[in-house]
Amino acid sequence: MTKPDVRKRKLSSGDDKTASGSRRKSPNNSPGSGGGGGLPKGLKLSFFCLIISVCLLLVVFGLYIDTTSPFLVQLASKLGYSKNQYAVIIDAGSTGSRVLAYKFDRSFIDNKLVLSDELFKERKPGLSSFADAPEKGAHSIKLLLDEAKAFIPKDKWASTPLVLKATAGLRLLPHSKAENLLNAVRDLFTKSEFSVDLDAVEIMDGTDEGIFSWFTVNFLLGRLSKSNQAAALDLGGGSTQVTFSPTDPEQVPVYEKYMHEVNTLNQKTNVFTHSYLGLGLMAARHAVFTKGSHSEATNLESICVNPIISNRTWLYSNVEYKISGKDHAKSTQENPIVVFEACLDLVKSKVMPLVKPKPFTLKQHTIAAFSYYFERATESGLIDPFEGGEITVEAYRKKAQSVCAIPNDEQPFMCFDLTYISVLLHEGFGLGEGKKIKLYKKIDGHEISWALGCAYNILMSDDKFNS
């Protein structure tokens, strides 16, 4: 069973409970009281024992109370039972770069971390878009870094880890161009005044991306210490990750190559994870839109785009394409539509060969989905953009059918996007039409991102910060 180094590091969670307590000073003896100006000896002893008992009770009780409560976090900090720690993670994704700066309270009693505040900022396009201009790419990261510096007190910079992890966008670039971008960012980081290790800037392994996302979701949902952790589905631009803990240990050998041991809450959890490169939403668009065209073509027609769309600009992997809808017999000038069944079959032909391995036991789990799953659901009116919500796999398919039947100049690619998501979930991952999916952008005000799991991993596994 493969166990990468990152899995051997300790991921700790707020599911464990930290402690806070206080000591009460004994009252001063007052002149004029009985017993020669003081309390009777027996009463003094009883009172002293009571104080000791209360203090011990507060400490023991503190191990089991909900330390994620903002009141308790503030109380522990004021009483000197915790200290502030920060971490800065930059997610260099295929469609944009994001900085997530986290503020934690670390308990002096049990060394646990509690997330108390965070910063989230995003800039587009993604770092990979600057493949031919690495200095400009580094500048886009500098602007995000400046946001983190404004969030974190300057006296904490030197003790704050700073990392940049690039995902599918840079994985798809030629090696030399990706390295030029990373080297430009490394030069920037050396001047940042944050704590920067030799491996602080790198292309992240898809396995780590999946596991950190799974950790983030279950940590924020309070499920890490439970037996029914949620499966995490992350749909990015260049790849998609599926991560879950099989409920039946006998299923583990089926996924042996893709199983990893994760330490959470001092217990070991076997997790299936795989990053399907090429099955991100933008990568899938490219595969479908270029169907039947020669490799250098940039003027493309697609049966998954409404015929009213003509020469719509779309940028992918540093190439500017002009996308148009394709005429067909069923579409008329009075009623321009996408033939849904034709688009559906084309998408299936592109998706199915890439879904290896097929996560056929995913359907047994509660599913939390985010990134483009959430965005396209909100943009098409399936869920509330602020509250999120729960929908079925079938809801994506039905919405795709209705969107494809209506000309929409403002959302020219929504027909394809929803069709693709429905195929990925149903035919690709084997989820039934009635399977419910919980869609999130945030949980309790915190962004759903692999970056939170990454930050926890660094702060809990590196002795430089974990002391």
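Residues numbered from 1 in each chain as written. Predicted model: local features only at pLDDT ≥ 70, side-chain atom pairs only at ≥ 80, totals over all residues. Heavy atoms only, no water.

> Could you give an account of the sheet that holds strand 12 (residues 312-316), naming the residues involved and the relevant values?
Hydrogen bonding along the main chain pairs the strands of a sheet, whether they run parallel or antiparallel. Sheet architecture is open: three strands sit in the order 11-13-12, paired in mixed fashion. In this open sheet, the two strands that pair with only one neighbour each are strand 11 (299-302) and strand 12. On average, adjacent strands in this sheet sit at an angle of 40 degrees to one another, irrespective of strand direction. With four bridges joining them, strand 11 and strand 13 (residues 319-325) adopt parallel strand pairing. (Pairing = 2+ DSSP bridges. Helix = DSSP H or I, 4+ residues; strand = E, 2+ residues; numbered from the N terminus. Axes fitted to C-alpha atoms, helices over the stretch in contact; angles between N-to-C directions.)

> So, unusual backbone geometry: which residues are in play, and what are the values?
Cis rather than trans, the peptide bond between K124 and P125 has omega equal to 5 degrees. Looking at the secondary structure, you find P125 in the loop between strand 4 (113-123) and helix 5 (134-151). Cis geometry marks the peptide bond from K356 to P357, where omega comes out at 5 degrees. Within the element layout of this structure, P357 appears in the loop between helix 10 (340-351) and strand 14 (367-371). The backbone of N318 shows a phi angle near 65 degrees, a positive value even though the residue is not glycine. Along the chain, the position of N318 falls in the loop between strand 12 and strand 13. Relative accessible area serves as the criterion here: at 32%, N318 is assigned to the partly exposed category. (Buried < 20%, exposed > 50% of the residue type's maximum accessible area, 1.4 Å probe, protein only.)

> How would you sum up the UniProt feature "active site" (unreviewed entry) in the chain? Please name residues and give values.
Those residues carrying the UniProt feature "active site" (unreviewed entry) are E209 in this numbering. Within the secondary structure layout, E209 lies in helix 8 (residues 206-221). Its relative accessible area of 6% is what places E209 among the buried residues. In contact with E209, not counting residues within four places along its chain, are T167, R171, M204, D234, Q241 and W450. (UniProt positions renumbered as here; feature names shortened; annotations may be inferred. Contact = heavy atoms within 4.5 Å.)

> Give a description of the confidence of the model for the chain that names residues and reports values.
Chain-level statistics for the chain give a pLDDT mean of 85 and a share of 81% at 70 or above. Contacts for the low-pLDDT stretch residues 12-37, under 50 throughout, to residues beyond four places or in other chains number 70 contacts. Scored below 50 in pLDDT, residues 58-76 makes 36 contacts in the model with residues more than four places away or belonging to other chains. (pLDDT = per-residue confidence, 0-100.)

> Quick rundown of the state of the cysteines? Include the residues and the values.
All chains considered together, the criterion is met by two disulfides. Note that C304 is cross-linked by a disulfide to C343, the S-S spacing being 2.1 Å. Sign of the S-S torsion, about 110 degrees for the bond between C304 and C343, identifies this disulfide as right-handed. Remark: C343 occurs in helix 10 and C304 occurs in the loop between strand 11 and strand 12; sequence separation between them is 39 residues. For C343, a relative accessible area of 0% translates into the label buried. Disulfide pairing is shown between C404 and C415; the S-S distance is 1.9 Å. (Disulfide = S-S within 2.5 Å.)

> Outline the environment of P125, listing residues and values.
Residue classification places P125 among the partly exposed residues on the basis of a relative accessible area of 36%. The spatial distance from the C-alpha of P125 to the C-alpha of G96 is 4.8 Å, given a sequence separation of 29 residues. Excluding residues that lie within four positions of it along the chain, P125 makes contacts with T95, G96, S97 and F130.

> An account of the pairing of strand 9 (residues 259-264) is needed here, citing residue identities and associated values.
Counting buried positions along strand 9 gives five out of six residues, so the element sits mostly inside the fold. Bridging between strand 9 and strand 10 (residues 267-277) involves six bridges; their strand directions are antiparallel. If you follow V262 over to strand 10, its bridge partner there is T269.

> Now, about the packing of helix 10 against helix 13 (residues 414-428): what can you tell me, with residues and values included?
Close contact between helix 10 and helix 13 brings their axes to 9 Å; oriented N to C, the two are set at 55 degrees. Considered as vectors, helix 10 and helix 13 are oriented oblique to each other. In this structure, the crossing between helix 10 and helix 13 has a hand that is right-handed. Where helix 10 abuts helix 13, its residues F340, C343, L344, V347, K348 and V351 lie against F416, T419, Y420, V423, L424 and E427. Each residue belonging to the contact of helix 10 with helix 13 can be placed in one class, and the counts come to nine nonpolar, one polar and two charged. (Parallel < 35°, antiparallel > 145°, perpendicular 65-115°, else oblique. Left-handed = near helix turned anticlockwise from the far one by under 90°. Nonpolar A, V, L, I, M, F, W, Y, C, P; charged D, E, K, R; others polar.)

> Give me the lowdown on the environment of T273, citing residues and values where you can.
In this structure, T273 sits in strand 10. Classification of T273 by relative accessible area gives buried; the value is 1%. The residues touching T273, leaving out its near neighbours within four places in the chain, are T207, G210, I211, V242, T243, Y258 and H260. Within the structure, T273 has its side chain in polar contact with the side chain of T243 (distance 2.8 Å). (Polar contact = N/O pair within 3.5 Å; in protein donor to acceptor, adjacent residues only side chain to side chain.)

> Hey, could you go over the UniProt feature "binding site: ATP" (unreviewed entry) in the chain for me, with residue numbers and the actual values?
Mapped onto the present numbering, the UniProt feature "binding site: ATP" (unreviewed entry) falls on G237, G238, S239, T240 and Q241. Residue placement: S239 occurs in strand 8 (residues 239-244). Each residue touching S239, except ones within four places of it in the same chain, is listed here: A168, R171, D234, S275, Y276, L277, G278, L279 and G280. Inspection of the secondary structure assignment puts T240 in strand 8. The residues touching T240, leaving out its near neighbours within four places in the chain, are D234, L235, H274, S275, Y276, L279, G280, Y373, L424 and F429. From its side chain, T240 meets the backbone oxygen of D234 in a polar contact 2.9 Å long.

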